[in-house]
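Coordinates in review
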Amino acid sequence: MSEEPPPVLVTGLPRSGTSWTGRMLAAGGDLVYVNEPLNPEHPPGRCPGVLKAPVTHRFQYICDDNAASWLPAFRDTVALRYRWLAELRANRSPYDLARLLRYGTAFAFGRLAGRRALLDDPFAVLSAGWFAARLGCRVIALVRDPVSFVASWRRLGWTVYFHELLEQPLLVRDHPELLELRALVGSQDHVAKTAALWRATHTILARTPGILLTSYESLAADPLPGFQRLYAHAGLPWTPAAEGRITRACTDRPGSARATGAGFTWSGLSRTAYRRMDPRHALSHATRGLTPDEITRIRTLTT
């Protein structure tokens, strides 16, 4: 009997290119895209049809010691078994019902067609090793240059609340260096906080076995050979159709007629950050909004 093909997890901190990477991997037509099941906000999270387990924290930490509910729930997700009744009981707004039909039919069709699940979830980044070891996921972890990462968070007005990490005892037990973040709880120094999140996460990912660390900048600078490598890691066939779709999706400047088209992506119901773009053009604007002194400071804080 042949072995079941593995599911795929694309992760990395938010604004590290996970949505773009996930969409490009799904371009070959062999994967069913599942958007952020561990996101604690609804949507896209808190959808028991997709993941029948309660998410209590951003960057939820999952390990063998707390996997009693997570393992069966994620086994259903990666097997594309949609929980119709659980979703109906929890979410009944028109948007939720439309999303139920979208995901429910995508799961059912994908299972019949022999497709695999692709989880695009930045909030799984601290649990990437568990996904690889216990679910057999081919894990791709995106790492963005820290200066570009901090600049992106600043432009969006984002911040990080370290109590969501520190209130997870198993996470702190397994990664005690996170205790250093206590000094920044409540701080209004958003540059220092975002840089500290980048550094802590990068340290954890660098020593996590069973995952493929991938530089967002390297991938964006030369997408085709980069995605060929990721397709090989995920066990996906690199076909002319996949190459053509990735080429088209990665050569659009923001605001162009093709860039605003839906292409092969979902819109509305997917709620992802993905947009058609020229990633090399995006790299040239990556540090926008930071002063030279701030750039120097971020480099110091993350090395």
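Residues numbered from 1 in each chain as written. Predicted model: local features only at pLDDT ≥ 70, side-chain atom pairs only at ≥ 80, totals over all residues. Heavy atoms only, no water.

1. A short note on empty space enclosed by the protein
The following threshold applies: Detection works on a 1 Å grid of protein atoms alone, calling trapped sets that fit a 1.4 Å probe cavities and calling open sets with protein on both sides within 12 Å along at least five of seven lines pockets, with lining residues defined by an atom within 4 Å of a point. Grid points are joined across faces, edges and corners, and a volume is the space filled by probe spheres set on the points. The numbering of helices and of strands both runs from the N terminus, where a helix is a DSSP run of H or I of at least 4 residues and a strand a run of E of at least 2. Residue polarity is assigned by list, with Asp, Glu, Lys and Arg as charged and Ala, Val, Leu, Ile, Met, Phe, Trp, Tyr, Cys and Pro as nonpolar; anything else, Gly included, falls into the polar class.
Counted by the stated rule, this structure contains two cavities of 30 Å³ or more. Taken as a whole, the largest cavity spans an internal volume of roughly 60 Å³. Taken together, the elements giving at least two residues each to the lining of the largest cavity come down to β4 (138-143) and α9 (190-206). Of all the elements, α9 adds the most residues to the lining of the largest cavity, at four residues. Among the residues forming the lining of the largest cavity, the class breakdown is five nonpolar, three polar and one charged.

2. A word on the side chain of Thr 77
Keep this limit in mind: Should any heavy atoms of two residues lie within 4.5 Å, those residues are counted as being in contact.
Within the secondary structure, Thr 77 is located in helix α2 (residues 67-78). Contact partners of Thr 77, with chain neighbours within four places excluded, come to Val 34, Val 50, Leu 51, Phe 107, Ala 117 and Leu 119.

3. Focus on the packing of aromatic side chains
Rules: Stacked, tilted and edge-to-face pairs are distinguished by plane angle, under 30 degrees for stacked and over 60 for edge-to-face with tilted covering the rest, among Phe, Tyr and Trp rings (Trp via its six-membered ring) whose centres lie within 6.5 Å. Relative accessible area decides the class of each residue, using a 1.4 Å probe on protein chains only: under 20% of the type maximum gives buried, over 50% gives exposed, and in between gives partly exposed. Cation placement over rings: the criterion is NZ of Lys or CZ of Arg within 6 Å of the ring centroid and within 35° of the ring normal.
Scanning the entire structure with this criterion turns up 13 aromatic pairs. Judged by centre distance (5.2 Å) and plane angle (80°), the ring pair of Trp 20 and Phe 227 falls under edge-to-face. Of this pair, Trp 20 sits in helix α1 (residues 18-26) while Phe 227 sits in helix α11 (residues 223-234), and the two are 207 residues apart along the sequence. For the pair formed by Trp 20 and Phe 227, the shared burial category is buried. Ring geometry for Phe 59 and Phe 123: centres 5.4 Å apart, planes at 45°, overall tilted. Placement of the pair is Phe 59 in the loop between β2 (31-35) and α2 and Phe 123 in the loop between β3 (116-120) and α5 (128-134), with a sequence separation of 64 residues. What makes Phe 123 buried here is its relative accessible area of 8%. Taken together, Trp 70, Phe 74, Trp 130 and Phe 131 form an aromatic cluster joined through their ring pairs. The lysine or arginine in question, Arg 23, covers the ring of Tyr 33, its NZ or CZ lying 3.6 Å from the ring centre.

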